[in-house]
Amino acid sequence: MLNRIVKTREFIVFLILVALSVIVGLINPAFFSISTVFDTLRAAIVYFIMAFGVLPIIISGGIDISFVAIAAVTSFSTHMLLLKLGYEGGTLLYYLIACTMGLLAGLLNGFLVTRFNLPVFNVSLAAFTMWYGFNLFFIGATANFDLPAGTVGYYARFIITARDPFVGKTGLHVSIVYVVLIGLFIWWMLKYTTIGRGIYAMGGNREVAIRSGFNVPFITLVTFAIMGVLSAVAGVTQAFLSRYFNPVIFIGQPLDVLAAIILGGASITGGRGSVIGTALGVLLIQVINRALILTGIPVQWQRLVVGIILIVFTSIPALQERRARRIGHTTEAA
Amino acid sequence: MAEEILRAEHISKRFGGVIALDAVSLSIHKGETCCLVGENGSGKSTMIKIISGVYTPDEGDIYINGHHYKRLTPIEAIREGIQVIYQDFSLFPNLTVAENIAINEQLASGKQSVNWKEIYEIAKEGLAKINVSLPLDAVVETLPTADRQLIAIIKALLAKARIIIMDEPTTALTQREVQALFRVINELKEQGLSILFVSHKLNEVVEIADRTVIFRNGQKVLDQEARGLDIGTMAFCMTGRKLDTSAIVFSEVEEAAAPLLRVENLTLAHGFFDVSFELKPKEVLGITGLLGSGRTELALSLFGVLPADSGRIYIEGNEAKIRSISDAARYGVGYVPEDRVREGLFLEQPIGDNVIVTLIDRLVTKLRLLNSKAKKEEADRWIKQLEVKTPSGELPAKSLSGGNQQRVVLAKWVARSPKILILNGPTVGVDVGSKAEIHELIRNLAGQGMGILLISDDIPELIQTCHRILLMRAGRIVKEFQREEITEQALNAELVASATTNAP
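Criteria and thresholds
- Residues numbered from 1 in each chain as written.
- Chains lettered and ligands numbered in written order.
- Predicted model: local features only at pLDDT ≥ 70, side-chain atom pairs only at ≥ 80, totals over all residues.
- Heavy atoms only, no water.
- Helix = DSSP H or I, 4+ residues; strand = E, 2+ residues; numbered from the N terminus.
- Rg over C-alpha atoms; globule rule 2.2 N^0.38 Å.
- Buried < 20%, exposed > 50% of the residue type's maximum accessible area, 1.4 Å probe, protein only.
- Contact = heavy atoms within 4.5 Å.
- Areas by Shrake-Rupley, 256 points an atom, 1.4 Å probe, with all protein chains shown as cover.
- Lys, Arg positive; Asp, Glu negative; His and termini not counted.
- Charge placed at Lys NZ, Arg CZ, Asp CG, Glu CD.
- Salt bridge = Lys/Arg side-chain N within 4 Å of Asp/Glu carboxyl O.
- Pairing = 2+ DSSP bridges.
- Axes fitted to C-alpha atoms, helices over the stretch in contact; angles between N-to-C directions.
- Domains from an automatic or database assignment.
- Buried area = accessible area lost by both parts, 1.4 Å probe.
- Phe/Tyr/Trp six-rings, centres within 6.5 Å; stacked < 30°, edge-to-face > 60°.
- Lys NZ or Arg CZ within 6 Å of the ring centre and 35° of its normal.
- Polar contact = N/O pair within 3.5 Å; in protein donor to acceptor, adjacent residues only side chain to side chain.
- Core = buried A, V, L, I, M, F, W, Y, C linked by side-chain atoms within 4.5 Å.
- Patch = residues over 30% accessible without salt bridge, like charges linked within 9 Å, V, L, I, M, F, W, Y side chains within 5 Å.

## A short note on the overall build of chain B
Counting its regular elements, chain B contains 17 helices and 20 strands. In terms of C-alpha radius of gyration, chain B reaches 25 Å, essentially the compact-globule figure of 23 Å for 504 residues. Dimensions of chain B, computed from the C-alpha atoms along their principal axes, are close to 70 × 55 × 50 Å. The buried share among the 504 residues of chain B stands at 53%. Once local pairs closer than 6 in sequence are excluded, the contacts in chain B between residues at least 24 apart make up 67%. When the accessible surface of chain B is totalled, it reaches about 21,900 Å², and 51% of it is carbon and sulfur. The positive charge centre, built from 58 side chains, and the negative charge centre, built from 66, are 4 Å apart in chain B.

## A word on the side chain of Ser212 of chain A
Tracing the backbone shows Ser212 of chain A in helix α9 (residues 206-212). You can call Ser212 of chain A buried: its relative accessible area is 18%. Residues in contact with Ser212 of chain A, not counting those within four places in the same chain, are Phe92, Asn104 and Leu107 of chain B.

## Some words on the pattern of salt bridges
Residue and element names in this part refer to chain B. Tallying each qualifying case throughout the model produces 24 salt bridges over all chains. The salt bridge involving Glu480 is made with Arg468; its shortest N-O contact spans 2.9 Å. With Glu480 in strand β20 (residues 476-482) and Arg468 in strand β19 (residues 468-473), this residue pair connects regions lying twelve residues apart in the sequence.

## As for the sheet that holds strand β10 (residues 219-225) of chain B
The strands making up a sheet associate through backbone hydrogen bonding, with each pair oriented either parallel or antiparallel. All names here are of chain B. Judged by pairing direction, the sheet is mixed, and its six strands sit side by side in the order β6-β7-β8-β3-β9-β10 without closing on themselves. Of all strands in the sheet, those bounded by a partner on one side alone are β6 (82-85) and β10. This sheet shows a mean twist of 15° between the axes of neighbouring strands, independent of strand direction. Along the sheet, helix α1 (residues 44-51) contacts β3 (33-37), β6, β7 (163-167), β8 (194-199) and β9 (211-216); its crossing angle with β8, the most-contacted strand, is approximately 150°.

## Notes on the domain arrangement of chain B
Residues and elements named next belong to chain B. Considered domain by domain, chain B is made up of domain 1 (4-239), domain 2 (243-332 + 418-504) and domain 3 (349-417). Put simply, the middle of domain 2 and the middle of domain 3, counted by C-alpha atoms, are 26 Å apart. At the junction of the two partners, domain 2 supplies 14 residues and domain 3 supplies eleven residues. Carbon and sulfur atoms make up 70% of the surface buried where domain 2 meets domain 3, a total of about 1,100 Å² over both sides. Taken together, domain 2 and domain 3 are joined by zero salt bridges.

## Considering the sheet that holds strand β5 (residues 67-69) of chain B
All names here are of chain B. Here we have four strands laid out as an open sheet, ordered β2-β1-β4-β5, and antiparallel in their pairing. A strand with exactly one partner marks an edge of an open sheet, and here the two such strands are β2 (18-29) and β5. In this sheet, neighbouring strand axes are inclined to one another by 15° on average, regardless of whether the strands run parallel or antiparallel. Pairing analysis gives five bridges linking strand β1 (residues 4-15) to strand β4 (residues 59-64), with the strands arranged antiparallel. Residue pairing across strands places Ser12 opposite Glu59, the latter belonging to β4. Here α1 sits on the sheet and contacts β1, β2 and β4; the angle it forms with β1, its principal contact strand, is near 120°.

## Section: the packing of aromatic side chains
Summed over all chains, the structure comprises 23 aromatic pairs over all chains. Ring centres 5.1 Å apart and planes at 40° place the aromatic pair Phe134 of chain A and Phe138 of chain A in the tilted group. Of this pair, Phe134 of chain A and Phe138 of chain A are both found in helix α6 (residues 120-139), four residues apart, which corresponds to roughly one turn of the helix. You can call Phe134 of chain A partly exposed: its relative accessible area is 32%. Residues Tyr154 of chain A and Phe240 of chain A carry aromatic rings whose centres are separated by 5.7 Å and whose planes lie at 75° to one another, so their mutual orientation is edge-to-face. Taken together, the positions of Tyr154 of chain A in the loop between α6 and β1 (158-164) and Phe240 of chain A in helix α10 (residues 216-242) put the pair 86 residues apart, joining distant regions of the chain. Within the aromatic cluster, the residues linked to one another by ring pairs are Tyr87, Tyr94, Tyr154, Phe240 and Phe245 of chain A. For the cation-ring pair, Lys191 of chain A lies above Trp116 of chain B, with the distance from its terminal atom to the ring centre recorded as 4.6 Å.

## Quick notes on the interface of chain A and chain B
Listed as interface residues are 27 residues of chain A and, on the opposing side, 34 residues of chain B. Buried surface at the junction of chain A and chain B, summed over both partners, amounts to about 2,600 Å²; 52% is from carbon and sulfur atoms. Counting every contact that joins chain A to chain B gives one salt bridge. We note a salt bridge from Glu99 of chain B to Arg197 of chain A, for which the minimum N-O separation is 2.5 Å. Our count for the chain A to chain B interface comes out at nine residue pairs in polar contact (both at pLDDT 80 or more). Elements with a contribution of two residues or more to the side of chain A that touches chain B: α7 (176-192), α8 (194-204), α9 and α13 (301-327) of chain A. Considering every element that reaches the side of chain A that touches chain B, the biggest residue donor is α8 of chain A, with seven residues.

## Thoughts on the nonpolar core
Residues and elements named next belong to chain A. Judged by nonpolar contacts, the single largest core of 99 residues is most densely connected at Phe52, Leu190, Phe214 and Ile261. Of the residues forming this core, the biggest block, 15 residues, is contributed by helix α3 (residues 34-59). The residues touching Leu190, leaving out its near neighbours within four places in the chain, are Leu55, Ile59, Gly196, Arg197, Ile199, Tyr200 and Val275.

## A word on the environment of Cys466 of chain B
All names here are of chain B. Residue placement: Cys466 occurs in the loop between α16 (459-465) and β19. Cys466 gets classed as buried once you look at its relative accessible area, which sits at 0%. On a C-alpha basis, the gap between Cys466 and Gly393 in space is 32 Å, while along the polypeptide they are 73 residues apart. Excluding anything up to four places from it in sequence, Cys466 contacts Phe250, Val284, Leu285, Gly286, Leu454, Arg483 and Ile486.

## Some points on a nonpolar patch on the surface
Residue and element names in this part refer to chain A. Side chains of Ile159, Ile160, Val177, Tyr178, Val180, Leu181, Leu184, Phe185, Trp187 and Trp188 sit close together on the surface and give an oily, nonpolar patch of about 940 Å² of accessible area. When residues of the nonpolar patch are traced back to their parent elements, those giving at least two are β1 and α7. Locating Trp188 in the fold gives a position in helix α7. A residue is classified by how much of its surface remains accessible, and Trp188, at 41% relative accessible area, is partly exposed.

What follows is the structure, given as structure tokens:
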């Protein structure tokens, strides 16, 4: 059992994460502070949520980039609507309205893919462009900083607080609880429901999944619905953490999220991927970010470093295959 | 005779103008292994699809377990206990053994939640049914073909199969794995299951069949107890002709000429060891052996795909260092791969473009742009010369039949005028008629001065084309047959001998 865990991609990512932290900590001891841990997690929250949302689509063999646009359009239009109505309450209504919109937006993608058999990437590219355009044209082109009274203090609501020798009082934001709950839900759904196994089956061999009797169109709809709802959660959470609503939030981020998922062991062609791997992938990218800041390397290097790690990871299976080819006997086909 | 489970009576099926099956009857009895034998295009696949409900016959009746069907649907066939194991096994490569085995039951139960304990129990129960052990936690894509086949068989059993149809089940198996499969088949038989074993490998049929049925050109030409039936009779029934090489004109090998290719002590780890031979101009040299004997690795080494670890290769007397495909091409070595669809053709591209792709560097204008006139002339010349049957070279390669596709692959390499041409299974999946024509073509190419290495385990093919044959076993050349020693019996005997000793 232990032997198998050690061989997994998740474990390798975990090791890199630990090694990187140790190195950075040795260069700059400030990295080993409680506030670094809390800040890194806080920065990762919305990426965890978005990555968990897209993961089922990736495992099923699909792809999506529109999730960032859905996060933007649902959060921004919910806010502008409630602002107009003079809403002064808490965050719950924000989440409810945005999630409903996200559900509909996700289902629209899923509907186009399943009903008309459109290529999934084209649909998501169209939705990506369309929702940002919709936001800017119909809802508003400038960021909005007027938060309802009930939500103003939310950015500093902590689940635990600690005293940090460098920065004083510091805390971990409550929305980390959402991350854990969502992660558990996706993990459970993938592992313990027939739909979840269908998602893996589709990614492994779509044709056989259909022949075996999985309801492939329905499963596709479910994956897109999950993506839509979780994108909305991420969008609203991001706005409250940063205390403003931005119509083009995340517009440059979809590939960072996909990179995190793939770093965590998911296969872009489907069939492989896990919640724990995805979480580690998101964390790794955040730690790289922070490590660059703390070691004084310009933060522009972040993408280069992530890119290099991705290339190394991607080439491992290909190299293994080449070695297997040289061994010959096993690859001969009659 | 045991109770009849399935009877298909006077089944006819036409596709357009082609008659695939012509009033053919087939019956399967409880607890027997029935072997269905025939060449490609003989109608055996059509028959499988009819008795599993995929095709509806134009005429005829099907009786299963006493129920009469005029048209059978796939669902009805499954309910009657007919399970087909196709060559792709219908498995999920990314899931574990346990889940692959249990997934149908999970779906059939209609449950929305997954109980992993139950999945493992179902899988264990399945493994027990055929007395094999497989690692339940292993991901299927990491397993060898033989194990995947066992999983497919177990899935069929769990679906309450009464007849299991295996379509060319031994194609990708090593000899030892074939023996293991036969043990499983015998086990199933003892449990009262019936097996329809579809194959064209006669030595296997002799070993496993209780009853043998042979199809040729959509008709049944033989249906009898397997005992006493020999390979020669079956081969005759399959092809409708005795193998007669007396009418074949072989090119005169220039014995005095210096060898085109000389290989000395060539070795590739895990592939082949200490291989030495010579190839003269105008000679067709056969290399045969079973799957895993190293024959394909040897071919790939000479073509630079799997460069050898040690040993020397001489081409026209000069030492040749072949480390890559472009090295091989520079030395005048051409290679026609076994899997023409995956490795030999651009299926979506025009036939003409497929032909000239190896000479594209010679068909350019002064500005290094493609000269489309020269391109078309060259393509048309080769299409004509190799008699590719197509109305136009502009059509995509996928519009051609298997035999004609193979000609295009040949044309592609012949067009480059190689000195040495390596052919790997040149007629795999090609119908009988085209096969004879391709053999003729191979002999003609040799006659023009080329040296040809023919890798094949198709004995009639070797007999009809080769001047000499080398037999490989476990990576070594173990026997050489001269032209006058080559007979079907001798080759068969040696191949079967390899089969029993090949296990490492």
